Amino acid sequence: MTQRRLVNAKARREKNMESSAIILRCRNHLWLVAFTLFVVWYLLLYVLDWSSLSPITQSHVSIQSGKFNPVDITKTTNEINGMSPSFNRVKDRWNKHGTAEETTNGEKPIKPLGEIVSKNHETGKSSEKPRLSCSGRYIYVHGIPKKFNDGLIDQCQSLDNWTNMCQYMMNKGLGQQLPRDKIFGNTGFYATHQFSLEVIFHNRMKQYDCLTNDSSAASAIFVPYYAGLDVARYLWGSNVSERDSGSLEIYKWLKVQPEWEFMWGRDHFLVAGRITWDFRRGVDEDSAWGNKLMLLPEAKNMTILTIESSPWNSNDFAIPYPTYFHPSNDREVFQWQNRMRKLKRRYLFSFAGAPRPNIGDSIRSEIMSQCQKSRRKCKLLECRNAGNKCLKPGYLMKLFQSSVFCLQPPGDSFTRRSTFDSIVAGCIPVFFHPASAYVQYLWHLPKNYEKYSVLIPEEGVKGNKLSIEAQLEKIPKAKVAAMKEEVVKLIPKVSYADPRSRLETLEDAFDLTVKGVLERVEKLKVQGRNSNFVGDEEYSWKQSFFGTLGNDEWDHYFKRRSKEKYWGK
């Protein structure tokens, strides 16, 4: 009996142990299941971006490559929604609301295609720019034929008669990276060509955070035509037919697109990365300069961005020349600004350039003469053809970093790339004509020009009535210090950030340009499809800068003294 009790007790103990083991295993599995569910819940709630699950963006857009086909996407969108595009419906929406915030059936517009999170191409770290509402900021990019942009880059060896442009097309149009040394520091400097803005801007646009593949939801429409690279091939030794062929063909293509019919192109914009005079040939003679891109009827409706605009026309707007500085993040900007603040500047003023003996009203010879007479106060860097140091970024940046003031007289035209290189170097620009900056870069430079620059009348220098050295020395030191600080603050606003990354909190030249375009297009939409410049377009510079057409002390500056040079209509 006792033996049987012992056996039963042992059996019960074994059974209890087996049950405990089962319970323990189940408990472990339960914790594993709970942990797995928690991880899945966390990923779904906080990590995944549900807006990216649009079947359009998944199936038809490759943001990483920056390539998409707007026509195919629109078609697919309509197939999904079981509807066909109707621009009458789009027009009705604009007439009622003046915005693309909602469609007529109450549906929200398609989600933006641009990347919100981008990676620093050097550190590999992600940086998230604050999310802004895309209401009123959507941009649609036309899928124009490749020959108007990428096809030109494929022919980079033949884009310029004297320079192989392939070296400047590297790194998304930034050119070769410059060494990190005592001149350029540890920030992003590249040997950027002054006429490569179209490529840089297009690559920046590919990562714009409010791109849309639905043109009816767009606030503005970008045409990625490399007009400057196109015409540069034919500026010398060609006939007008060759020079005009690209312009005529791109406008022919645009006019048959349904997007053009909406406002006849008034919501379209493009970047022409040369000065406006390369696109304003007023006569059809082979000996005349440039093409007529900006004089064609279609161009008068568009917003065209150039590195120098016409003071006497209202359809082109100047945006900064590309400089050598292309920061990848805010930290690089702050480091560079602090470095420019601390520099000890040896010279009161400096000038980098060459005389213009063939231009009768040029003051460059007088400026160079005054600089040489000032000796220790002024540093002159002559830009001669033989071993031209002005083509080497190191020499230019070293000069500007060692100067308090940098002289920026007109050259072949009103503006100079040197203006923006000097600002990046923390050097206060000195202008001799208001068309060199003040009436040009309205979206990027302060309207109160005395905060960051000096204006010395060119007629005083031409007649040797004014001493540049004396004019600069009489500026109080406190004001000079304030101007230097204002110039340093302008550095990000006149720089184009590296297209492969993104600034986190600062606005660069691209951001300010897009903002300016959107504001202009919105005004045109309010005015309607038949909107035109009010008043004599000859005084558009005055309307843009002063907001009035009354008489002004600057009027004498804007009398066209050279019909051959500034007479495109």
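Fair warning: this is a prediction, and the values are worked out from it, not measured in the lab.

About the cut-offs
Residues numbered from 1 in each chain as written. Predicted model: local features only at pLDDT ≥ 70, side-chain atom pairs only at ≥ 80, totals over all residues. Heavy atoms only, no water. Salt bridge = Lys/Arg side-chain N within 4 Å of Asp/Glu carboxyl O. Buried < 20%, exposed > 50% of the residue type's maximum accessible area, 1.4 Å probe, protein only. Disulfide = S-S within 2.5 Å. Helix = DSSP H or I, 4+ residues; strand = E, 2+ residues; numbered from the N terminus. Pairing = 2+ DSSP bridges. Axes fitted to C-alpha atoms, helices over the stretch in contact; angles between N-to-C directions. Contact = heavy atoms within 4.5 Å. Core = buried A, V, L, I, M, F, W, Y, C linked by side-chain atoms within 4.5 Å. Domains from an automatic or database assignment. Parallel < 35°, antiparallel > 145°, perpendicular 65-115°, else oblique. Left-handed = near helix turned anticlockwise from the far one by under 90°. Nonpolar A, V, L, I, M, F, W, Y, C, P; charged D, E, K, R; others polar.

K.L.:
Can you walk me through the pattern of salt bridges in this structure?
P.N.:
Opposite charge on two side chains permits them to pair, given that their charged atoms come into close proximity. Scanning the entire structure with this criterion turns up 22 salt bridges. Among the salt bridges present, the one from Arg417 reaches Asp421, with a minimum N-O distance of 3.0 Å. For the residue pair Arg417 and Asp421, the accessibility class agrees, reading buried in each case. One salt-bridge network, held together by shared partners, links Asp244, Arg281, Asp284 and Lys292.

K.L.:
Is there a simple way to think about the state of the cysteines in this case?
P.N.:
Disulfide: a covalent bond connecting the sulfur atoms of a pair of cysteines. Counted according to the given criterion, the structure contains 5 disulfides. Paired through a disulfide, Cys156 and Cys166 show a sulfur-sulfur distance of 1.9 Å. Around the S-S axis, the bridge from Cys156 to Cys166 shows a dihedral of about 90 degrees and counts as right-handed. One end of the pair, Cys156, is in the loop between helix H5 (150–154) and helix H6 (166–173); the other, Cys166, is in helix H6, with 10 residues separating them in the sequence. In this model, Cys383 is linked to Cys390 through a disulfide, with the two sulfur atoms separated by 1.8 Å. Judged by the sign of its S-S torsion, about -70 degrees, the bond between Cys383 and Cys390 is left-handed. For the residue pair Cys383 and Cys390, the accessibility class agrees, reading buried in each case. Shown here for the protein is a disulfide pattern of 1-4, 2-3, 5-6, 7-8, 9-10, where each number marks a bonded cysteine counted in sequence order.

K.L.:
Is there a simple way to think about helix H7 (residues 197–205) in this case?
P.N.:
Structural remark: α-helix, 3.6 residues per turn; residues separated by three or four positions point the same way. Burial of H7 is extensive: 9 of the 9 residues sit out of reach of the surface. The complete set of buried residues in H7 reads Leu197, Glu198, Val199, Ile200, Phe201, His202, Asn203, Arg204 and Met205.

K.L.:
Just checking my understanding: could you explain the sheet that holds strand E7 (residues 268–275) for this structure?
P.N.:
Through backbone hydrogen bonds, the strands of a sheet pair up, either in parallel or in antiparallel fashion. Spatially, the 5 strands line up as an open sheet ordered E5-E6-E7-E8-E9, and their pairing is parallel. Edge strands, defined here as strands with exactly one partner in the open sheet, are strand E5 (139–141) and strand E9 (316–318). For this sheet, the mean inter-axis angle between neighbouring strands, taken without regard to orientation, is 35 degrees. Both strand E8 (residues 303–308) and E9 contribute to a ladder of 3 bridges, which runs parallel. Along E9, the bridge assignment pairs Ile304 with Asp316. Its contacts with the sheet put H7 on E5, strand E6 (220–222), E7 and E8, and the angle it makes with E7 is roughly 145 degrees.

K.L.:
I'm lost on the nonpolar core in this one. Help?
P.N.:
One recurring pattern in soluble globular proteins: nonpolar side chains tend to sit buried together. Formed by 101 residues in total, the largest nonpolar core has its most connected members in Phe201, Met205 and Phe405. For this core, the element with the most residues is helix H19 (residues 509–527), which contributes 6 residues. Residue-level mapping places this core at the junction of two domains, with at least three residues from each of domain 1 (139–322 + 510–531) and domain 2 (344–494). Leaving out residues up to four positions away in the same chain, Phe201 has contacts with Phe222, Phe269, Val271, Leu305, Ile319, Phe510, Thr513 and Val514. Counting 20 residues, the second-largest nonpolar core is a separate cluster that includes Val231, Leu235, Ile250 and Leu254.

K.L.:
Just checking my understanding: could you explain unusual backbone geometry for this structure?
P.N.:
Keep in mind that most residues, glycine aside, have a negative phi and that most peptide bonds are trans. Notably, Trp264 is not glycine yet its phi reads approximately 55 degrees, a positive angle. Tracing the backbone through its elements, the reader meets Trp264 in the loop between helix H10 (258–263) and E7.

K.L.:
Got a minute to help me understand the packing of helix H12 (residues 330–342) against helix H18 (residues 477–490) in this structure?
P.N.:
The relative placement of two packed helices is expressed as an angle between their axes plus a distance between the axes. With their axes 10 Å apart at the nearest point, H12 and H18 run at an angle of 160 degrees to one another. For the element pair H12 / H18, the angle class is roughly antiparallel. In this structure, H12 meets H18 at a crossing whose hand is right-handed. For the pair H12 and H18, the contacting residues are Gln337, Met340 and Arg341 in the first and Glu485, Val488 and Lys489 in the second. In terms of residue class, the contact of H12 with H18 is made up of 2 nonpolar, 1 polar and 3 charged.

So, to be careful, I would describe these as geometric facts and stop short of saying anything about function.
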